[in-house]
Amino acid sequence: MKNLYKISLTSIFLLLAFTTSYAQNIEGVVTTSENIPLEAVNVVIKGTTFSTSTDPGGKFSIDTKGKLPVTILVQYVGYKTTEIELDAIPATPLSVTLKEENELVEVVVSSRRRIEKVQDVPIAISVITGKQAEQTGAFNVNRIKELVPSVQLYSSNPRNTGINIRSLGSPFGLTNDGIDPGVGFYVDGVYYARPAATTLDFIDVEQIEVLRGPQGSLFGKNTTSGAFNITTRKPSFTTGADFEVSYGNYNFLQAKASVTGALGKKVAGRISFSGTQRDGLIDNVATGRPTNTLNNQGIRGQLLWTPTVNTNIILAADITTQRPDGYAQVVAGVAPTQRAAYRQFDAIIKDLNYQLPSLNAFDRKIDHDTPWRSNQDMGGISLNIDTKIGGGTLTSTTAWRFWNWDPSNDRDFTGLQVLAKSQNPTRQTQITQEVRYAGQLTSKLSGVAGVFFIDQTSQTDGTEESGNAQWRFAQSSTSPLWKTPGLFEGYGIKTDANIRASSAAVFGQLDWAITERFHVLPGLRYNFDKKDAHYARTTYGGLQTTDPALLALKKSVYSDQAFDSSTDNTDFSGNLTLTYKASDKINAYATYAKSYKPVGVNVAGLPTDSKGQPLTDLAVIKPEKVNHYEVGVKTSPFRNSILNVALFNTEIKDYQTNVQAAELGVNRGYLANADKVRVRGAELDASFVVNQHLTINGAATYTEGTYVKFTNAPLPLEETGTTVGGVQVAYKDVSGTDLPGVSRWAGSLGGELSDNARFFGNAGKIFLALDSYARSEFSSSPSASKYLVVPGYAIFNARLGFRASQGLSVHFWGRNLLNKDYYEQLLPAGGNSGQYAGVIGDQRTYGVTLKYSL
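Peer 1: Looking at this structure, I do not really get the sheet that holds strand β15 (residues 205-212). What am I missing?
Peer 2: Two strands in a sheet stick together by hydrogen bonds in their backbones, pointing the same way (parallel) or opposite ways (antiparallel). The 5 strands lie next to each other as β10-β15-β16-β13-β14, forming an open sheet whose pairing is mixed. Each edge of the open sheet carries a strand with a single partner, namely β10 (124-129) and β14 (190-191). The pairing of strand β13 (residues 183-187) with β14 spans 2 bridges and is antiparallel. Its bridge partner being in β14, V187 is matched across the sheet by V190.

Peer 1: Which parts of the structure should I look at to understand a nonpolar patch on the surface?
Peer 2: Taken together, the side chains of L263, L303, L315, I381, L383, I385, W400 and I431 make up a nonpolar region of the molecular surface, amounting to roughly 630 Å² of accessible area. Looking at the nonpolar patch element by element, the count peaks at 3 residues for strand β26 (residues 373-389). Structurally, W400 is set in strand β27 (residues 392-408). The class for W400 is partly exposed, based on a relative accessible area of 36%.

Peer 1: Whenever I open this one, the pairing of strand β52 (residues 835-840) confuses me. Can you help?
Peer 2: Consecutive side chains along a regular strand alternate between the two faces of the sheet. The buried fraction of β52 amounts to 6 of the 6 residues, a majority that puts the element mostly inside the structure. The alternating pattern of β52 places Q835, A837 and V839 and Y836, G838 and I840 on opposite faces, both of which are buried. Bridge count for strand β24 (residues 330-334) against β52 is 4 bridges, and the pairing is antiparallel. Looking across to β52, one finds that G333 is bridged to Y836. As paired elements, strand β51 (residues 823-828) and β52 share 5 bridges and run antiparallel to each other. Bridged to Y823 within β52 is I840. In this antiparallel pair of consecutive strands, β51 and β52, the connection spans 6 residues, and G831 shows a positive phi of 95°.

Peer 1: Before we go on, may I ask you to explain the sheet that holds strand β4 (residues 59-63) in this structure?
Peer 2: One open sheet holds the 3 strands; their spatial order is β4-β1-β7, and the pairing between them is mixed. Each edge of the open sheet is held by one strand with a lone partner, namely β4 and β7 (94-98). Taken over all neighbouring pairs, the strand axes of this sheet differ in orientation by 30° on average, direction set aside. One ladder, built from 5 bridges, connects strand β1 (residues 25-32) with β7; its direction is parallel. Across the sheet, residue T32 finds its bridge partner in β7, namely L98.

Peer 1: I would appreciate a short explanation of the packing of aromatic side chains in the present structure.
Peer 2: Geometry of an aromatic ring pair is reported as the spacing of the ring centres plus the angle between the planes. All chains considered together, the criterion is met by 22 aromatic pairs. Judged by centre distance (5.8 Å) and plane angle (20°), the ring pair of F638 and F688 falls under stacked. Of this pair, F638 sits in the loop between β37 (624-635) and β38 (641-659) while F688 is found in strand β39 (residues 670-689), placing the two residues 50 residues apart along the sequence. In this structure F638 comes out as partly exposed when scored by relative accessible area, which is 45%. Exposure remark for F688: the relative accessible area of 24% places this residue in the partly exposed category. Each residue in the set Y186, Y191, F219 and F452 is aromatic and connected to the rest through ring pairs, giving one cluster. It is R166 that lies over the ring of F648; its NZ or CZ is 4.2 Å from the centre. Stacked on the ring of Y540, the Lys or Arg K494 has its end atom at 5.3 Å from the ring centre.

Peer 1: Hey, could you run me through the environment of L615 in this one?
Peer 2: Looking at the secondary structure, you find L615 in the loop between β35 (600-601) and β36 (620-621). Between the alpha carbons of L615 and Q509 there is a distance of 42 Å; along the sequence they are 106 residues apart.

Peer 1: How should the environment of F812 be read in this particular structure?
Peer 2: Among the structural elements, F812 can be located in strand β50 (residues 807-815). In the structure, F812 is positioned 589 residues away from T223 in sequence and 39 Å away in space, judged by C-alpha atoms. With near-sequence residues (within four places) excluded, F812 lies in contact with A798, R799, L800, G847 and V848.

Peer 1: In this structure, what is going on with unusual backbone geometry? I would like to understand it.
Peer 2: The general pattern is negative phi for most residues beyond glycine and trans for most peptide bonds. Although it is not a glycine, N251 sits at a positive phi angle of roughly 55°. Along the chain, the position of N251 falls in the loop between β17 (240-248) and β18 (252-262). By relative accessible area, which is 42% here, N251 ends up partly exposed.

Peer 1: Would you explain helix α6 (residues 548-557) in this entry?
Peer 2: Residues spaced three or four apart along an α-helix face the same direction, because each turn holds 3.6 residues. Every buried residue of α6 is accounted for by L550, L553, K554 and V557. Looking straight down α6, one finds that the buried residues subtend no more than 95° of arc, so they occupy a single side. Contact partners of the buried residues in α6: β30 (445-466) and α5 (470-474). Between the side-chain oxygen of the N-cap and the backbone nitrogen of A549 there are 2.9 Å, and the N-cap of α6 in question is D547.

Peer 1: Sorry, what's going on with the pairing of β27 here?
Peer 2: In this sheet, β27 lies alongside β26 in antiparallel orientation, the contact comprising 17 bridges. Bridge assignment links S382 to a residue of β27, and that residue is A399. Hairpin connection, β26 to β27: the antiparallel pair is bridged by 2 residues, and G390 has positive phi, about 60°. Of the strand pairs in this sheet, β27 and strand β29 (residues 426-440) are connected by 14 bridges, and their pairing is antiparallel. Across the sheet, R401 pairs through a bridge with Q430, a residue of β29.

Peer 1: Would you explain the pattern of salt bridges in this entry?
Peer 2: Opposite charge on two side chains permits them to pair, given that their charged atoms come into close proximity. Within this structure, the stated rule accounts for 38 salt bridges. Across the salt bridge formed by R401 and D318, the nearest N and O atoms sit 3.0 Å from each other. With a gap of 83 residues between them, R401 in strand β27 and D318 in strand β23 (residues 311-322) connect regions that are remote in the sequence. For D318, a relative accessible area of 14% corresponds to the buried category. Salt-bridge contacts for R744 lead to D738; the nearest nitrogen and oxygen are separated by 3.7 Å.

Peer 1: Please explain the nonpolar core as it appears in this structure.
Peer 2: Side chains of nonpolar character tend, in soluble globular proteins, to be buried together. Ranked by size, the top nonpolar core spans 29 residues in total, and within it I144, F185, I208 and F228 carry the most contacts. Other than its neighbours up to four places away in sequence, I208 contacts S126, V127, I128, I144, F202, F228, N229 and I230. Core analysis: the next-biggest nonpolar cluster, separate from the first, contains 19 residues, V330, A361, V790 and Y836 among them.

Rules and cut-offs
- Residues numbered from 1 in each chain as written.
- Predicted model: local features only at pLDDT ≥ 70, side-chain atom pairs only at ≥ 80, totals over all residues.
- Heavy atoms only, no water.
- Pairing = 2+ DSSP bridges.
- Helix = DSSP H or I, 4+ residues; strand = E, 2+ residues; numbered from the N terminus.
- Patch = residues over 30% accessible without salt bridge, like charges linked within 9 Å, V, L, I, M, F, W, Y side chains within 5 Å.
- Areas by Shrake-Rupley, 256 points an atom, 1.4 Å probe, with all protein chains shown as cover.
- Salt bridge = Lys/Arg side-chain N within 4 Å of Asp/Glu carboxyl O.
- Buried < 20%, exposed > 50% of the residue type's maximum accessible area, 1.4 Å probe, protein only.
- Axes fitted to C-alpha atoms, helices over the stretch in contact; angles between N-to-C directions.
- Phe/Tyr/Trp six-rings, centres within 6.5 Å; stacked < 30°, edge-to-face > 60°.
- Lys NZ or Arg CZ within 6 Å of the ring centre and 35° of its normal.
- Contact = heavy atoms within 4.5 Å.
- Arc of directions from axis to C-beta.
- Polar contact = N/O pair within 3.5 Å; in protein donor to acceptor, adjacent residues only side chain to side chain.
- Core = buried A, V, L, I, M, F, W, Y, C linked by side-chain atoms within 4.5 Å.

Structure (structure tokens):
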């Protein structure tokens, strides 16, 4: 960590030292939107101390000291700051019109591969600006969900992270590498294949666009339920810098820095750094120190080359590391199962003379004896080329990325040595290439067309090992042989799992303006996917014996297993959108999309039959077939307001779901297909600027997620051990029940009260902001269990401070102000012995943030 800090700071100072600019006096006049001259307006050359102010007639003249190109900042209290980039001295005086603060910003997006106003885009889309994310403390996707309630993120650790939009995208539970996520995650056009990317801190983000619904005709990688389209701040030829530091309780410390400037007449650079540390929020009474710490560092560098006025080339590289002591889960409760009385969790721990450190999960106490380790490294390099050709832009994005995962878990969630080791270190690498053309084809026809390719490999070398308490948890009969000393101690499996996955696609979407107000947008996609998987596990350790009875007991816990699978699939999919702009304030649209999620493969062990043989018919998972319908209307009912509504219905055949097996050898659960699921609901997004002092924003979603047909679902936790006629039942028909992770209601509501002020001579705003997020209860189990229902909750956050576009800004913040106890997820322990654990939401945190901008 120290080395990364040193490298980051050295790079920032070097960039500041070597940035150069190549400009004499710039003249202009500043007026209001009513053409009234403004006196005493600050005019600053960004990144320098060169400044002046306007005279009573609104006129100014500023000396650039021979620096060109430059960015001129025009600032006046009560008005939006205007930035003007100049490559040369204007031949005539500049005419600058300042708009009043608290006018609703007309956000522009690039989701359809062109710059356009978000209210004109016929897609349900939420936009979070980089400044908004920083001000609300949303430094990763897990916090973005508090601003966009249609987003759900579940993470018991970075690897076991699922991100959903409208409750679809990733199956609920432990992550299986054998399927693709349904939510695309893009940073500057580069697709990140690993869901773990969503746990990383944002670095120098300009804007976050959250698109809802299938987007296969716009993006390279197929996305069946939505996409995150993240853009970072680009290098500038004008020197500038931002420095930010936050400090809070639990020794929270977060530092960010970003520097940009010219390195030559046609080359500019930008380097950005982010580091976050925090003490643990859960006490481990076994070790005497808190766990679930934060320890994240990231650095991102970019070089911009503009060989011609029509071509931009950006070379970017980044690396992020996480070294937390976490992510530990706390035992949240015990479910009585259908197993014999001696196999119930309470009876087991009584026989072992053990008791939990607390029966209340929100005492935040654990006694885990296996260390928690969640180390990950993620990074890569990309080359993005944009060149204008005709009426559009040709873009090529080439990237290589890697992800290294080095974990250690205590999957029995107790201080007993049931599982002494549970770790599946993984290395994933990917190469992606996308080429697309977007622009105006004729006076009435515009669109985007492209090709995409990804090749990725994932290698896991796992270990799971029993401890001295395993015999009692695994005991499935009253035979005294279970008590054989050392029978299971040190007994485990070594796993070799490998996936090679390749995907290629051709995609495109047209926008046909039949009239100025009525547009038809057809989209098509052709996909080819191929996956080759190898899985092998080998048992080792434990009591060395030739006794057939003892060997049978060992084999009932862990057994050797190996299988290979290879599958490929092609698919045509597409969409059709009709949009009608009834007026400048009303834009309606209707969409039908036929989408597809590729075939999957199991690489975490398979359930076995009565003879102990793996059920290899489960090795390959059928692709999902998606039919999506949506209607929406985007409106501006009055000045400085937005009110958008969308209704949607998504049906998926052969839904890919992750299920938890009672067999320890199936150490990450396994994948299966549910015959059919349906998710439908409604969404509302609203923003209002009440006056120059008050803004209000809110979002709400109502969602129904149902298994239409799922006859081979796993048993709920409390039904583990169910028998019929003396034969143990393995599956259950859960048709008609709720999908996991789906809250019927979720919403966010926030507002800000502000006024003009000065702080240390800087003009800016003093503000008080409140934000809230709430969701109703949801199932936390693939098959609905009354014990694994997460209760609904609401949290409230607030900020108070002063902000300025240049100079010093400061604000105090608090999160979860009411100190609400809530779960983000509930999950059963390995082996389904009855105990289940909770991923606990953070308690009340508070602190202060200082930011200085040049």
